[in-house]
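One-letter residues, chain by chain:
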Amino acid sequence: SAASAPYQVVLWNPRRYPDASLNTPYNTQFCGGTIIGPRTVVTAAHCVDDDRTGTISTSAVRVLGGIATMPRSTVLPSDAVGSAVSAIRLYDENGDGRSDFDKRTMRGDIAVLTLTGALYSGTPATRAKVAPLALPSGDVAAGTTSQVSGWGGVLAQPVGGSAKQDYPGELRAGLVQLLSPVLCAARYAAAGVTLTDTMLCATTDARPTVDACQGDSGGPLAAAQNGVAVLVGVVSYGIGCALPQFPGLYTRVAHAQISAFVRRELGAAPTG
Ligand code: 4AZ
């Protein structure tokens with residue numbers, strides 16, 4: 001589908017190109033991301049964390065925007081924009097420089113990438129293909145329709161996510177509704193999973209449901225707030241994909257410390 005998500009980027013690994021073992025043989029995409037400033041991209045912490053060193057190397061990440069079709073080679077379409085990464089910051093709750101992303105509970109699953117080059121310049125509104133997404137000024141109400149997008153797997157996954165998967169060449173987008181945190185917590189509690197205050201749930205009443213899946217992680221959940229599109233959530237995880245009883249889980253960008261973290265990193269990035 002022709003997704004309208006000019007703020008969407010893909011994260012790919014130039015060190016692994018090409019890799020025939022991947023289901024997407026023509027690239028090494030591993031996560032999505034969202035442009036929030038000329039040199040700033042938001043993604044999920046679990047996309048770029050590393051047990052041993054804290055984060056993966058900046059040289060293992062490149063950001064690509066301005067595309068709907070995933071390029072089949074490292075020769076990019078002329079209207080694509082790309083950048084290397086100069087810094088990777090995992091969620092830092094209090095600005096002490098230490099990560100507060102909890103891999104066990106997935107609390108604080110958000111990271112900010114600072115780029116070596118600007119993805120756009122001038123007036124963002126003039127850019128149909130590359131533009132930043134604004135940050136929310138507070139929580140968006142349960143029931144609000146939001147758009148999730150990415151190049152992640154398109155086949156529903158059972159508990160455990162063991163079914164075969166298929167990755168699209170074209171950016172996909174779907175509409176989901178934000179679910180009340182209490183309702184969502186009850187559904188996950190049934191599976192022994194405790195949700196935390198940094199999480200947000202979204203799903204649909206339609207069957208099968210619309211959902212994010214493997215490879216969509218780090219990408220945007222966008223909704224209108226006071227008439228402006230904002231980054232409500234970051235694709236994080238979930239049990240299976242498109243299972244009615246387990247909504248997709250997103251990092252809640254409006255959470256006070258998450259929002260403060262993102263704004264701090266955005267403010268520290270070069271603007272040009
Ligand atoms: C993943 O593995 C993943 N259904 C992302 C989102 C969801 C499940 C898994 C949500 O990246």
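Everything numeric in this text was worked out from a predicted model, so none of it was measured.

Peer 1: Talk me through the site of the ligand; I want residue IDs and the actual numbers.
Peer 2: Asp211, Ala212, Cys213, Gln214, Asp216, Ser217, Val235, Tyr237, Gly238, Cys241 and Gly248 make up every residue found near the ligand. Across the shell around the ligand, the residue classes tally to 5 nonpolar, 4 polar and 2 charged.

Peer 1: Go over the sheet that holds strand β2 (residues 29-37), please, and point to the residues and values.
Peer 2: Here we have 6 strands rolled up into a closed barrel, ordered β1-β2-β3-β8-β7-β6, and antiparallel in their pairing. Each strand axis lies, on average, 40° off the axis of its neighbour in the sheet, ignoring direction. Bridge count for strand β3 (residues 40-43) against strand β8 (residues 111-115) is 4 bridges, and the pairing is antiparallel. Bridge assignment links Val41 to a residue of β8, and that residue is Leu113. Where helix α3 (residues 256-268) meets the sheet, its contacts fall on β2, β3, β7 (81-90) and β8, and the angle it forms with β3 comes to roughly 155°.

Peer 1: Run through the environment of Ala131, naming residues and quoting values.
Peer 2: Residue placement: Ala131 occurs in the loop between β8 and β9 (145-150). Overall, Ala131 belongs to the buried group, with 20 C-beta atoms counted inside 10 Å. Residues Ala131 and Tyr120 lie 11 residues apart in sequence; the distance between their C-alpha atoms is 7.1 Å.

Peer 1: Provide a residue-level description of the nonpolar core, including the pertinent values.
Peer 2: Counting 71 residues, the largest nonpolar core has Leu11, Ala111, Leu113, Leu231 and Val232 as its most contacted members. Among the elements that line this core, the one with the most residues is strand β13 (residues 228-237), at 5 residues. Among all residues touching Leu113, those that are not within four sequence positions of it are Gly33, Val41, Thr43, Val61, Val63, Val85 and Ile88.

Peer 1: Quick rundown of the sheet that holds strand β14 (residues 248-252)? Include the residues and the values.
Peer 2: Taking strand neighbours around the barrel as the criterion, the 6 strands line up as β9-β10-β11-β14-β13-β12 in a closed arrangement whose pairing is antiparallel. In this sheet, adjacent strand axes meet at a mean angle of 45° when their direction is disregarded.

Peer 1: Run through α3, naming residues and quoting values.
Peer 2: If you check α3, its first and last C-alpha atoms are 18 Å apart, about what 13 residues at 1.5 Å a residue would give, namely 18 Å. All of the buried residues along α3 are Ile258, Phe261, Val262 and Glu265. All buried residues of α3 fall inside an arc of 90° around its axis, so they share one side. Exposed and facing more than 90 degrees away from the buried side of α3 are Ala256 and Gly267. Those residues of α3 that are buried lie in contact with β3, β7, β8 and β14.

Peer 1: How would you summarise the pairing of strand β11 (residues 199-203) if you had to cite specific residues and measurements?
Peer 2: Burial runs high along β11: 5 of the 5 residues are buried. Neither face of β11 is exposed, since Met199, Cys201 and Thr203 on one face and Leu200 and Ala202 on the opposite face are all buried. When strand β10 (residues 172-179) meets β11, the two strands line up antiparallel, connected through 3 bridges. The residue of β11 that forms the bridge with Leu179 is Cys201. Pairing of β11 with β14, which is carried by 4 bridges, proceeds in the antiparallel orientation. Across the sheet, the residue bridging to Ala202 is Gly248, located in β14.

About the cut-offs
- Residues numbered from 1 in each chain as written.
- Predicted model: local features only at pLDDT ≥ 70, side-chain atom pairs only at ≥ 80, totals over all residues.
- Near = placed C-beta within 6 Å.
- Nonpolar A, V, L, I, M, F, W, Y, C, P; charged D, E, K, R; others polar.
- Pairing = 2+ DSSP bridges.
- Helix = DSSP H or I, 4+ residues; strand = E, 2+ residues; numbered from the N terminus.
- Axes fitted to C-alpha atoms, helices over the stretch in contact; angles between N-to-C directions.
- Contact = placed C-beta atoms within 7 Å.
- Buried ≥ 20, exposed ≤ 12 C-beta atoms within 10 Å, placed from the backbone.
- Core = buried A, V, L, I, M, F, W, Y, C linked by C-beta atoms within 7 Å.
- Expected span 1.5 Å × (residues − 1).
- Arc of directions from axis to C-beta.

Remember that the coordinates give geometry; whether it matters functionally is a separate question.
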